[in-house]
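Coordinates in review
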Amino acid sequence: MDDIRPPIDKEPERFIDQLRRSIRNEGLSYETEKTYVHWSKRFIRHHGFRHPTDMGAEQVTEFLTDLAERARVAPATQRTALNALVFLFQRHLKQELGMLPFRYAKKQRPMPSAFTHIEANAVIEQLDGETALIARLMYGAGLRVSETLRLRIKDIDFGALQITVRDGKGSSDRCTLLPTSVVAPLTQQIEKVEKLHAFDTTCGYGKVYLPYALARKYPELASETAWQFLFPAREISADPIDGTLRRHHRHPTGVQRAVKWAIKASGFKRKASCHTFRHSFATRLIETGYDIKLVQSLLGHKDIRTTEIYLHVVRNRAGAIVSPVDNLATTLHRAAVADARPASHRVNRAIPLRRQPPRRRVQN
């Protein structure tokens with residue numbers, strides 16, 4: 001249950017716990033909390049474990065420049081580190097940093113890898129059971145692996161063929177499409193979850209994890225079937241908040257390992273992962289001619305420029321543009337076929353055939 005915030009004291013003594021408290025007071029997501037804590041720790045280790053109160057803009061500038069020059073991180077990684085340190089100093093320590101003349105990392109935005117439709121199906125065919133259904137949802141709905149595993153029964157709307165993704169990246173909710181081909185296996189999966197939930201209830205483990213606000217205001221929801229995870233874990237685990245034994249959702253590591261094996265078994269040679277299914281979903285929609293604004297909405301991108309990268313993937317697809325060499329080879333092939341025909345069937349293409357207009361009679 002490593003996607004649940006561990007409890008900390010209201011007035012913690014450790015500096016990192018104090019930072020965590022400031023992050024939570026700002027209402028930031030747990031993923032953001034883990035990211036900011038990671039870069040704060042890395043910044044402290046970089047400067048020989050000096051306390052952040054003894055450092056300032058000079059040390060931040062040196063650290064960010066080192067990320068660009070020595071670590072050669074991507075610009076997005078450097079921006080994430082910058083955001084974490086700005087929060088550390090300006091929001092937590094109440095210390096202004098001012099101008100930071102650090103060296104920017106070079107843009108190295110790689111082109112996202114995407115399966116063709118045949119390749120995606122070949123990978124999915126190597127999987128079975130729940131893992132195959134998870135892969136079909138990632139490919140058919142453009143979901144991240146974490147978003148797929150956090151789905152609850154109530155998030156599936158069979159009537160509208162719609163999936164509601166809650167608390168996605170950036171702590172935002174969105175709706176995406178539900179593929180008709182997964183309706184039947186999803187129905188069977190829900191029936192399986194209902195039976196498992198009934199068994200857990202008889203054993204005293206029927207209460208699922210709820211976010212803080214819901215757990216305080218509506219504690220009875222934890223026992224309802226609709227709030228159970230769509231892909232429950234095999235084992236019961238202890239809630240890090242209060243130690244309650246619960247059945248959480250499956251861990252992403254197991255799915256990632258299975259998909260990695262399936263990619264290798266299918267013969268796919270390029271670098272790929274679970275996230276490649278999401279790239280393939282976006283690429284398929286754009287190839288089909290759907291509006292990029294719609295694709296942005298389904299993927300949950302806040303910036304349209306993030307979605308526009310898939311336009312380049314589609315344009316660079318093999319077969320989308322005919323190479324001059326291939327064009328020449330096609331011309332020569334047609335000429336060879338024409339020469340092989342009998343003389344009576346050949347047509348002299350060098351001299352265009354023009355239809356002579358009928359002569360008009362001149363009346364005397």
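1. Considering the sheet that holds strand E3 (residues 174–177)
- Pairing is antiparallel across the open sheet formed by 3 strands, whose spatial order is E1-E2-E3. Both outer strands of the open sheet, strand E1 (156–157) and E3, are each paired with one neighbouring strand and no more.
- For E1 and strand E2 (residues 162–165), the ladder comprises 2 bridges, and the chain directions are antiparallel. What sits directly across from Asp 157, in E2, is Gln 162.

2. Looking at helix H10 (residues 252–265)
- Here H10 is 14 residues long and its end C-alpha atoms lie 20 Å apart, about the 20 Å a rise of 1.5 Å per residue gives.
- Those residues of H10 not exposed but buried are Val 255, Val 259, Ala 262 and Ile 263. Across the axial projection of H10, the buried residues extend over an arc of 100°, all falling on one side. Residues of H10 that are exposed and point over 90 degrees away from its buried face: Arg 257, Lys 260 and Lys 264.
- The elements touched by buried residues of H10 are helix H5 (117–125), helix H6 (129–141), helix H7 (145–149) and helix H11 (274–288).

3. Overview of the pattern of salt bridges
- Tallied over the entire structure, the rule returns 19 salt bridges.
- Residue Glu 33 is joined to Arg 24 by a salt bridge in which the shortest nitrogen-to-oxygen separation is 3.0 Å.
- Residue Glu 33 is classed as buried on the basis of its relative accessible area of 0%.
- The exposure class assigned to Arg 24 is buried, which follows from its relative accessible area of 16%.
- Salt-bridge contacts for Arg 166 lead to Asp 155; the nearest nitrogen and oxygen are separated by 2.7 Å. Note that Arg 166 is positioned in the loop between E2 and E3 and Asp 155 in the loop between H7 and E1, a separation of 11 residues in sequence.
- Among the ionic contacts, a cluster of salt bridges with common partners joins Arg 5, Arg 20, Arg 24 and Glu 33.

The rules behind each value
Residues numbered from 1 in each chain as written. Predicted model: local features only at pLDDT ≥ 70, side-chain atom pairs only at ≥ 80, totals over all residues. Heavy atoms only, no water. Pairing = 2+ DSSP bridges. Helix = DSSP H or I, 4+ residues; strand = E, 2+ residues; numbered from the N terminus. Expected span 1.5 Å × (residues − 1). Buried < 20%, exposed > 50% of the residue type's maximum accessible area, 1.4 Å probe, protein only. Arc of directions from axis to C-beta. Contact = heavy atoms within 4.5 Å. Salt bridge = Lys/Arg side-chain N within 4 Å of Asp/Glu carboxyl O.

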